[in-house]
Every structure is written in C-alpha cells, then in structure tokens.
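An overview of the molecular structure
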Amino acid sequence: MASASRQLPNGLKSAGDLKIEVEQGVVALEQSRTRLRDQTRILKSVFSSMNEGVVVVDRLGKRLLANHAAELMVGLDQRDVAPEKWAEVYGFFLSDQSTLCPAHEFPLVRVMRGQRVDDAEFFIRNPQSGEERWVNFNSRPLLDDRGTVLGGIAVIRDISEHKRAREIVAEQQRELERSNRDLEQFAYAASHDLQEPLRAVSGYCQLLQRRYKGQLDVNAQRYIAEAVNGARRMQALIEGLLAYSRVARRGNPIVPTDSQTAFDQALVNLEAAIGECGAVITHDRLPLVAADSMQLMLLFQNLIGNALKYRGADPPRIHVKAEERETDWLFSVQDNGIGIDPRHHEKIFLIFQRLHTRNEYPGMGIGLAICLKIVERHGGHLWVESEPGQGSTFFFNLLRPPQGEP
Ligand code: ADP
C-alpha cells in the first residue's frame, strides 16, 4: 500500500499530506485566536479598571476607544463631535476657569498635528451636569512604523483633590505671612512705644540714686539699684526686640555681596572681646553671595560673638568655612566651646530661649533668633551640630549671586 507522505514527482505533495498540513494550520490558528482573545480580555480589564482616563482618536478626531474613567471625568456621552467643538461640548476651560480652551490648544488636537503634550492642566465644567473638576492631560500622537500620524492618545488624571490641597496650603502660607507681618508690626510698635516711658522710669530712678545717696538707708539704696538694673535689662530686651523686628521691616535689598567684607567688619566690632580671651579665628576664602551686607555682618557677629561667649576652658579656636554647592554656598562657624545638648538644638533658635542663667552667661536669648530670621529672609536654613563638651558648628546657606552680575 502507498504511504500518505510519499513524495510525488515535481515536489508536489499528496492530498493526504496537504490535509494534515491544513488541519495543523487550523489548530495553530485557533490557538493564536484564543491567545489573542485572552490578551484582549486582559488589556480591556486593565483599560477599564484604570483610574486614569484614556481616550484614543483617529487622524480625523473620531473616537476609537475611551475607558470608563475618561467617560466619568469628561462626560463623553456624545459621539462624533468635531474636534473644533470639543472644548465647547465637553466644557474645557483654561486655568482662569472662564476662558474656553481654544480649539488649537486642545491636547488631542495638538497630538493629531504630531505634537506631544505634557502635564497640561484644564478646568472642566460639564455643560450638562454642571460638575466641575481639574484635570491633567498627557497626550501622544499614534504613529505607524514610518512615523505617519494615525491619531492620538490622551491620558487624563483627575487632580481636583490635589489642586484643592495645594490651594489650602497656599492659603495657609498667605495667612502665616500675614500673621507674621502683624506680629512684627506689633513687636515693633510695642517695643518702640515702650521705650519712652521706660526711659522716664530709668531716668528718675537714677536721679533718686544720685540726689538722695546719703539720705537713704542701705535697703532703700539697694531697692533703687535693683530698679535701675531692671530698667536697664528691660531696655536691652526692648532694643533686642526692635532689632529682631527690623530684620524683616528694615532690611536692605539682597544683592551680590562680598562675605569677606561682612566677616571682616564683624571682627572689627568684636575686637575687644576677641582680645580679652585670646581667641584664634581662622577662615576659608569667603565668597560673593546674594545678601544684605548689614545683615550678613550681624549674622557673623552674633555667631562668632556666641562662640567667644560660650567658650570652654581653652582659649577659643573658631574657624569659618565656605563650601561651594550647586546653587549656594554652605557656611559653617565652628568653635571649641562648651557645646550644646542635641535636645536643645531647635529651642536655642527661638526668641528669648536660653540655656543658662544671666549669672552664668550674660544675654537675652535674642541673638540666634535674629540669625535665623536673617538666614530665612535670604531663603536659607540655619542649624547647629554639637555635643556637650565637643564644641559647636553652626551651618547656614546663602544663594550664589545670579550669574552675569559682578
Ligand atoms: P544669648 O546668647 O543671649 O543667650 P542666643 O540666642 O545667641 O542668646 O543663644 C541662645 C542659646 O544658645 C544660648 O543661651 C546658649 O545656651 C546657646 N548657644 C548659642 N551659641 C552657642 C555656642 N557657640 N556654644 C554653645 N552654646 C551656644
């Protein structure tokens, strides 16, 4: 009997062979159909369960696909709307919430022209339901292998919550700035107005002290001396408070400033204190920064002044460093003084907060609060790294002056 796979002359296959091949082809086709169906099902379920809306249109703007999220966000109940009518029909507005999005700016219109759209924000007011929301669009053209535009795809995200949260934060920020300004104004007015009566109290007390020196008993003289001391302290506090409120109220413009000059001036002002304790102060090359020169001088003066005041048993050794970074300079003022317990590293920057009594170290707890205000006014940060008995390093950063400026 002849075999079914027997080769016929001229390479032709027998009918039996052909039948087997066709049957195998049919099985393979059925398998790939099943695979395709499975993949389509998976893709469809991913597509419909996405939180992002997805819309696909052809070259003429005819909608090919849109998932459930897109229908919810945009209200796509109308089909076959011409692209130039999209903004009007779907209620798309620019971020002022009142200008209808011009047709040529509509993301899917732009991608149909071959452009891509990244993170475009729109405000949607659905003309039917009146529902309002903020959305973010990312769109890409659909291209064939040769780069011809076949249509476009848009991914839409509902950013209403995010936008609301951003607005709340911005409003809180404005509120904080307003109340800060009010507080500064109050501190300024109160301390300014207090100065005058305080001068009178202190003046009359001193007059009493001088005029009635021999006529008063020891107790009366002690009481008057205490009153004079108290008035002096109060005056110093008020001056500190005024200096604090002046940082924001009376600042000079922030311009390119030589930090070396500000540092030198601070040392001149501290000359007596430096000489008294035999301090050795060294420094790196100090750069040009964006700063108010007076305030920068005061910053160096307060930090170096503290390093002198809070010295340990050895003569103070203080080093001022400046490290160039991408957009700013990181300064540090390092000392070998008594150090600060990490528990107090934040507290010391608050106004009137001190870690010592006046008998141990004189002061009012305003110096570092002023430093912090100065650095923050310049857009920087001020912090300390320290351990008790290990010295302290105060860090602050200042922006580099804009390029092109001297
Ligand atoms: P004052 O020196 O008048 O107390 P400051 O605001 O300048 O006010 O400092 C607050 C506190 O921080 C000081 O009381 C002191 O305890 C601590 N302090 C500041 N600088 C240093 C320093 N270089 N070394 C150790 N402690 C410091």
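Data block above holds the structure.
Reference entry: report on the structure contained in this document. These numbers were taken from a predicted model, which means no experiment stands behind them.

Description of the sheet that holds strand β5 (residues 132–143)
- Here we have 6 strands laid out as an open sheet, ordered β2-β1-β6-β5-β4-β3, and antiparallel in their pairing. On the outer flanks of this sheet lie β2 (63–66) and β3 (92–93), each paired with one strand and no other.
- Where helix α5 (residues 160–211) meets the sheet, its contacts fall on β4 (117–125), β5 and β6 (149–158), and the angle it forms with β5 comes to roughly 125 degrees.

Some details on the side chain of Asn397
- Looking at the element boundaries, Asn397 is found in strand β13 (residues 392–399).
- Residue classification places Asn397 among the buried residues on the basis of a relative accessible area of 9%.
- Among the polar contacts listed, one links the side chain of Asn397 to the side chain of Asp328, at a separation of 3.0 Å.
- A distance of 2.6 Å separates a polar atom in the side chain of Asn397 from the backbone nitrogen of His381.
- In contact with Asn397, other than residues within four places in its own chain, are Arg325, Asp328, Trp329, Leu330, Val375, Gly380 and His381.

Brief notes about the nonpolar core
- Grouped together as the largest cluster of nonpolar side chains are 36 residues, with contacts concentrated most on Leu296, Phe300, Leu303, Ile304, Phe331, Phe394 and Phe396.
- Membership of the second largest hydrophobic core comes to 27 residues, among which are Ala69, Phe106, Ala154 and Ile156.

Some details on the packing of aromatic side chains
- Inspection of the entire model under this criterion finds 14 aromatic pairs.
- Both rings, one in Phe92 and one in Phe122, keep their centres 5.8 Å apart while their planes meet at 55 degrees; by these two values the pair is tilted. Here the residue Phe92 occupies a position in strand β3, and Phe122 occupies one in strand β4, the gap between them amounting to 30 residues.
- Taking the relative accessible area as the measure of exposure, Phe92 reaches 1% and is therefore buried.
- When the ring of Phe300 is compared with that of Phe396, the centres are 6.1 Å apart and the planes differ by 65 degrees; the resulting orientation is edge-to-face. Of this pair, Phe300 sits in helix α9 (residues 293–309) while Phe396 sits in strand β13, and the two are 96 residues apart along the sequence. Taken as a pair, Phe300 and Phe396 share a single burial class, namely buried.
- Chaining the aromatic ring pairs together yields one cluster made of Trp86, Phe92, Phe106, Phe122 and Phe137.
- The ring of Phe93 carries Arg125 above its face, with NZ or CZ at 4.9 Å from the centroid.

Some words on helix α6 (residues 218–249)
- The end-to-end C-alpha separation of α6 is 46 Å, in line with the 46 Å expected for 32 residues at 1.5 Å each.
- Elements in contact with the buried residues of α6: α5, α9 and α10 (367–377).

Brief notes about the pattern of salt bridges
- This model, assessed by the stated rule, comprises 20 salt bridges.
- For Asp118, the salt bridge is made with Arg116, and the minimal N-O distance between the two is 3.6 Å.
- Given a relative accessible area of 44%, Asp118 falls into the partly exposed group.

Quick notes on the state of the cysteines
- Scanning the entire structure with this criterion turns up 0 disulfides.
- Cys371 takes part in no disulfide bond, and the closest cysteine sulfur, belonging to Cys277, lies 18 Å away.

Conventions used here
- Counting starts from 1 at the beginning of each chain's written sequence and moves along it residue by residue.
- For this predicted model, a pLDDT threshold of at least 70 governs which residues receive local features, and a threshold of 80 or more governs which side-chain atom pairs are given and counted, while totals over whole chains, interfaces and linings are taken from all residues.
- Computation of side-chain values covers all heavy atoms of the structure but excludes hydrogens and water.
- For two strands to be treated as a pair, DSSP must find at least two bridges joining them.
- In this text, helices come from DSSP runs of H or I with a minimum length of four residues, and strands from runs of E with a minimum of two, each type numbered from the N-terminal end.
- Residue contacts are defined here by distance: any two heavy atoms, one from each residue, within 4.5 Å place the two residues in contact.
- To obtain each axis, a line is fitted to C-alpha atoms, and for helices this fit is confined to the stretch in contact; angles are then taken between N-to-C directions over 0 to 180 degrees.
- A 1.4 Å probe rolled over the protein chains alone gives each residue an accessible area, and that area as a share of the maximum for its type sets the label: buried under 20%, exposed over 50%, partly exposed in between.
- Under this definition, polar contacts are N or O atom pairs within 3.5 Å; protein pairs additionally need one hydrogen-donor-capable and one acceptor-capable atom, and for neighbouring residues in sequence, both atoms have to be side-chain atoms.
- For this analysis, a nonpolar core means a set of buried residues of the types Ala, Val, Leu, Ile, Met, Phe, Trp, Tyr and Cys, connected via side-chain atoms within 4.5 Å.
- Aromatic contacts are taken between Phe, Tyr and Trp rings whose centres are within 6.5 Å, Trp giving its six-membered ring; a plane angle under 30 degrees counts as stacked, one over 60 as edge-to-face, and the others as tilted.
- The rule is short: NZ of Lys or CZ of Arg within 6 Å of the ring centre and within 35 degrees of the ring normal puts a charge over the ring.
- Helices are assigned an expected span. That span is 1.5 Å times one less than the residue count.
- We define a salt bridge as a side-chain nitrogen of Lys or Arg found within 4 Å of a carboxyl oxygen belonging to Asp or Glu.
- Note that a disulfide, as used here, is simply two cysteine sulfur atoms within 2.5 Å.

Nothing here speaks to function; it is geometry throughout.
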